[in-house]
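In case you want the letters, here they are:
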Amino acid sequence: MEQDQLFERLWNGDAAMEDWTATVSGGSAKPISDDAIAIHTGYLFGNATAIRTKDGLVLVDTGSRETASQTLATLRRWDDQPVHTVIYTHGHIDHTWGARLLDEEADAKGIARPRIIAHRNVLQRFQRYDATHGLNSLVMGRQFNQPGYTFPDHHRRPDQIYDDTLSLTIGDLRIELTHGRGETDDATFVWLPEKRILVSGDFVIWVFPNAGNPRKVQRFAPDWAAALRRMQALGPAVLVPGHGPVVFGAERTGQILNDGAEVLESLVTQTIDLMNNGHSLDEILHNVSAPQSLIAKPYLLPKYDDPEFVVRNVWHLYAGWFDGDPAHLKPAPAAALAAEIAGLAGGAEKLARRALDLALTGQTRLAAHLIELASAASPASAEIQMARATVYARCVEAETSLIGKAIFAVYQRDATARSGP
Ligand SMILES: [Zn+2]
């Protein structure tokens, strides 16, 4: 089968996830047992899993705003029974948004809406989403480089919540829910013991774990690794990840779970060791690295998040905001510092020229410092903004992660806009 061949190429690193997205776009059902499917609509959109029971369908996750109608249509091509229960693996919108379509469908048929079950913290998340709607629109627009992006509202709350574990029997299907923290504090992985099927949610996403995201609330790398170890101990025969294709066979599910845990454990241990020895955040950032053999694996490439961002997030999990640099405890306004340094250097233009030289020879980190000083010292200079746009174009090129590229692109765009007439 074409999809199976493509899976082999993905697993071996010979194909790109974009190729897989092309095969599933529009909505695709992947059988995972006689009476269960995984529903895919593309890598960026969360997977859903559907299981038949004699009491109705159980659905794990519901799809994204962009593709939830495809998720539902794919489900209905497979089975038209009512949806009895929905489980959210976490409260991110690419997993929960489709619930409103299920409610609308039930209302139109005049039948009961599905019961939705999730971890307790999903409720707090949705409260936070309501309180910070403008911020979330801005942060998501910048993370995905989509100016004008609007975050969804009216998040469908769960009807039933749980804390640590929950065992359900629906029809004759046994379902075990376990809470863990990882990308979020409200995550659940779902285990179907008779079928040996694991639905991991975003604990497994076919790239390096998104445990460091610069603009999002705290993430939990150590807990993420622990959750992966618990899943590994189950010995799943089938693993439906939060994003990307289903993994079949105990050997491969064990490998992907083990390697994800190992890369996080390494970063966490290195970071905590240095923290315990009194090192500053700066020293830690430039001395901790992810094992190359792991981040070279096709399912752990740092294409979305960046291991360096995870180090920061681990620092933030165990320590306060102070980074160990005394100048950062009560800093001067950035513009005042910039004016001082520009004066010493012989003008903001000199800083900008040096920044360009550095950027063009690949020293993009230093270049970003100098160009921000130049820009803050002389904010109205179109010439400096042109240099700034060039510096950030080089920064975008230098990044491997989608998030890193997107954030630099925001400032490249800002500089370009300010360099015009
Ligand atoms: Zn997701």
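Refer to the structure presented above.
Bear in mind that the values here come from a model prediction, so they are computed numbers and not experimental data.

A. Seen up close, the overall build of the protein. Each helix and strand counted, the protein has 17 helices and 13 strands in total. The C-alpha atoms of the protein give a radius of gyration of 24 Å, which matches the 22 Å a tight globule of 421 residues would have. Overall, the protein is about 80 × 45 × 40 Å in size when its C-alpha atoms are taken along their principal axes. Per-residue burial over the protein gives 53% buried out of 421 residues. Restricting to contacts in the protein with at least 6 residues of sequence separation, those with at least 24 account for 66%.

B. Examining helix H5 (residues 99-109) more closely. Three or more residues of H5 are buried, namely Ala99, Leu101, Leu102, Asp103, Glu105 and Ala106. Looking one or two places after H5, you find Gly110, whose phi comes out positive at around 70°.

C. Seen up close, the nonpolar core. One finds Trp206, Leu228 and Leu264 to be the most contacted residues of the largest nonpolar core, which totals 53 residues. The leading source of residues in this core is helix H9 (residues 250-276), at 8 residues. In this structure, Ile37, Leu72, Ile93 and Ile116 belong to the second largest nonpolar core, which totals 25 residues.

D. Representation of the sheet that holds strand E7 (residues 160-162) within the structure. With mixed pairing, 7 strands are arranged side by side in an open sheet as E1-E2-E3-E4-E5-E6-E7. At either end of the open sheet lies a strand with only one pairing partner, and these are strand E1 (28-33) and E7. Across the sheet, the axes of successive neighbouring strands diverge by a mean angle of 20°, strand direction being ignored. As paired elements, E1 and strand E2 (residues 36-40) share 5 bridges and run antiparallel to each other. In the strand pairing of E2, Ala29 is matched with Ile39.

E. Highlighting the side chain of Ser64. Its place among the elements puts Ser64 in the loop between strand E4 (56-60) and helix H3 (68-78). Looking at Ser64, the relative accessible area reads 1%, which means it is buried. Beyond its immediate stretch of four places on either side in the chain, Ser64 contacts Phe45, Gly46, Ile93, Asp94 and Trp97.

F. Local environment of the coordination of the zinc ion. Note on the zinc ion: its protein donors are Asp94 (OD), His95 (NE2), Asp202 (OD) and His243 (NE2). The metal-donor distances range over 2.1 to 2.6 Å. What the 4 donor atoms of the zinc ion show is an angle range of 79 to 167° at the metal, which sorts the shape as irregular. The sequence motif formed by the donor residues of the zinc ion is D-H-x106-D-x40-H. With Asp94 in helix H4 (residues 93-96) and Asp202 in the loop between strand E11 (197-201) and helix H8 (221-234), this residue pair connects regions lying 108 residues apart in the sequence. You'll find Asp94 and Asp202 in the same group, each marked buried.

Rules and cut-offs
Note on numbering: residues in each chain are counted from 1, in written sequence order. Restriction of local features to residues with pLDDT of at least 70 applies here, the model being predicted, together with a cutoff of 80 or more for giving and counting side-chain atom pairs; totals for whole chains, interfaces and linings are based on all residues. To get the side-chain values, take all heavy atoms of the structure and skip hydrogens and water. Counting from the N terminus, the helices are DSSP H or I runs at least four residues long and the strands are E runs at least two residues long. For a compact globule the rule gives 2.2 Å times the number of residues to the power 0.38, and the radius of gyration it is set against comes from C-alpha atoms. For each residue, the accessible area found with a 1.4 Å probe, counting protein chains only, is set against the maximum for its type, and the residue is called buried under 20%, exposed over 50%, and partly exposed in between. The contact rule is simple, with two residues in contact once any of their heavy atoms fall within 4.5 Å. Among the buried residues, those of types Ala, Val, Leu, Ile, Met, Phe, Trp, Tyr and Cys that are joined through side-chain atoms within 4.5 Å form a nonpolar core. When DSSP finds at least two bridges between two strands, those strands are taken to pair. Every axis corresponds to a line fitted to the C-alpha atoms, with the helix fit spanning only the stretch in contact, and the corresponding angles, defined between N-to-C directions, vary from 0 to 180 degrees. Atoms of type N, O and S within 2.8 Å of a metal are treated as its donors, and for Na, K and Ca the window is 3.2 Å; water is not considered, so some sites may appear to be missing partners. Every geometry call rests on angle ranges, with four donors termed tetrahedral when all angles are between 85 and 135 degrees, four termed square planar and six termed octahedral when opposite donors are over 155 degrees apart and all others are between 65 and 115, and everything else termed irregular.

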